[in-house]
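Residue strings, one per chain:
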Amino acid sequence: RKTSMKLTLAAVGKARRDVHYNLFTHYKGRLSWPFELREVDIRRKLPPAQMQEEEASQLLALVPEEAVVVVLDERGKALSSPEFANRISIWRDDGIREIVFMIGGADGHHDRVRGRANLLFSLGRATWPHMLVRGMIAEQLYRAQQILAGHPYHRE
């Protein structure tokens, strides 16, 4: 029996109601898996190392102990969409109840966050706006859902 999974996107920064947010909500709305956005926002100016530390503390506080953590990191593993779908399928079939995806701040993730990752995942070597990455992850999750369901969306 396949368990239902909850997906969480833990991200640094507050989304503005703009084109990036619309992209995110478009794909979020198409997912059959429950998908929640949790944002951390540090308002005070801190030196980069302290900012990373504070972001790490707030992001890690959002992670249930038994959750699988996927950290978006440019040094991570680039997976094709079918490989990404397969990884999610394996976790689902292993009874994982929650996957938390993490998007860091401007200076990237602290080593504590990378150390908690079950998967360091890269969207390629290019640098993307962090708000756009939210929509890209939502789309890849929707694509994974469709691949696993045998739907032709992936080929369209």
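Notes on the structure follow. Computed from a prediction, not measured in an experiment: that's the story for all the values here.

1. Points about the pattern of salt bridges
Stage number 1. The full count for this structure, using the stated rule, is 13 salt bridges.
Stage number 2. We note a salt bridge from D73 to R114, for which the minimum N-O separation is 3.2 Å. In this pair, D73 is assigned in strand β3 (residues 68-78) and R114 in helix α4 (residues 111-116), connecting sequence segments 41 residues apart.
Stage number 3. The partner of D93 in a salt bridge is R92, with the nearest N and O atoms 3.0 Å apart.
Stage number 4. The partly exposed category is assigned to D93, whose relative accessible area is 43%.
Stage number 5. Classification of R92 as buried rests on a relative accessible area of 14%.
Stage number 6. Beyond isolated ion pairs, a larger network of salt bridges with shared partners links K6, E36, R38 and E98.

2. Digging into the pairing of β3
Stage number 1. As paired strands, β3 and strand β4 (residues 98-103) are joined by four bridges and run parallel to one another. Residue V68 lies in a different strand from β4, and its bridge partner there is I99.
Stage number 2. You can see the chain leave β3, run along helix α3 (residues 81-93) and come back into β4, and the turn it takes is right-handed.
Stage number 3. As judged from the five bridges shared by β3 and strand β5 (residues 119-122), these two strands associate in the parallel manner. Following the sheet pairing, K77 is matched in β5 by F121.

3. Looking at the nonpolar core
Stage number 1. In terms of nonpolar packing, the biggest core is built from 30 residues, with I88, I99, F101 and L141 touching the most fellow members.
Stage number 2. Mapped by element, the contributors of at least two residues to this core are β1 (6-12), α1 (19-30), β3, α3, β4, β5 and α5 (130-148).
Stage number 3. Sequence-distant contacts of I88, defined by excluding residues within four places in its chain, comprise M5, W33, I99, L141 and A144.

4. Some details on the packing of α1 against α5
Stage number 1. Direction vectors running N to C along α1 and α5 enclose 20°, while the axes themselves pass 8 Å from each other. With respect to their mutual orientation, α1 and α5 come out roughly parallel. Crossing geometry of α1 relative to α5 is assigned as left-handed. In this structure, α1 contributes H20, L23, F24, Y27, K28 and R30 to the contact, and α5 contributes M131, L132, R134, G135, A138, E139, Y142 and Q145.
Stage number 2. Taken together, the residues of the contact of α1 with α5 break down into seven nonpolar, three polar and four charged.

5. Examining the packing of α3 against α5
Stage number 1. Closest axis-to-axis distance for the α3/α5 pair is 9 Å, and the angle between their directions is 75°. Taken as axis vectors, α3 and α5 run roughly perpendicular relative to one another. Each of S81, P82, F84, A85, I88, S89 and R92 in α3 lies in contact with α5, whose residues at this interface are Q140, L141, R143, A144, I147 and L148.
Stage number 2. Partitioned by chemical class, the residues of the contact of α3 with α5 number eight nonpolar, three polar and two charged.

6. Regarding the environment of E74
Stage number 1. Following the sequence through the fold, E74 ends up in strand β3.
Stage number 2. Sequence separation between E74 and A85 is eleven residues; the distance between their C-alpha atoms is 19 Å.
Stage number 3. Every residue in contact with E74, bar those within four places of it in the chain, is listed here: S122 and T127.

7. Comments concerning the sheet that holds β1
Stage number 1. On the basis of which strands lie adjacent, the open sheet formed by five strands has the order β2-β1-β4-β3-β5 and parallel pairing. Sheet topology places β2 (35-40) and β5 at the edges, where each strand pairs with a single neighbour. Recorded for the sheet is a direction-independent mean angle of 30° between the axes of neighbouring strands.
Stage number 2. Note that β1 and β4 share six bridges and pair parallel.

The rules behind each value
- Residues numbered from 1 in each chain as written.
- Predicted model: local features only at pLDDT ≥ 70, side-chain atom pairs only at ≥ 80, totals over all residues.
- Heavy atoms only, no water.
- Salt bridge = Lys/Arg side-chain N within 4 Å of Asp/Glu carboxyl O.
- Helix = DSSP H or I, 4+ residues; strand = E, 2+ residues; numbered from the N terminus.
- Buried < 20%, exposed > 50% of the residue type's maximum accessible area, 1.4 Å probe, protein only.
- Pairing = 2+ DSSP bridges.
- Right-handed = clockwise from strand over helix to strand, strands pointing away.
- Core = buried A, V, L, I, M, F, W, Y, C linked by side-chain atoms within 4.5 Å.
- Contact = heavy atoms within 4.5 Å.
- Axes fitted to C-alpha atoms, helices over the stretch in contact; angles between N-to-C directions.
- Parallel < 35°, antiparallel > 145°, perpendicular 65-115°, else oblique.
- Left-handed = near helix turned anticlockwise from the far one by under 90°.
- Nonpolar A, V, L, I, M, F, W, Y, C, P; charged D, E, K, R; others polar.

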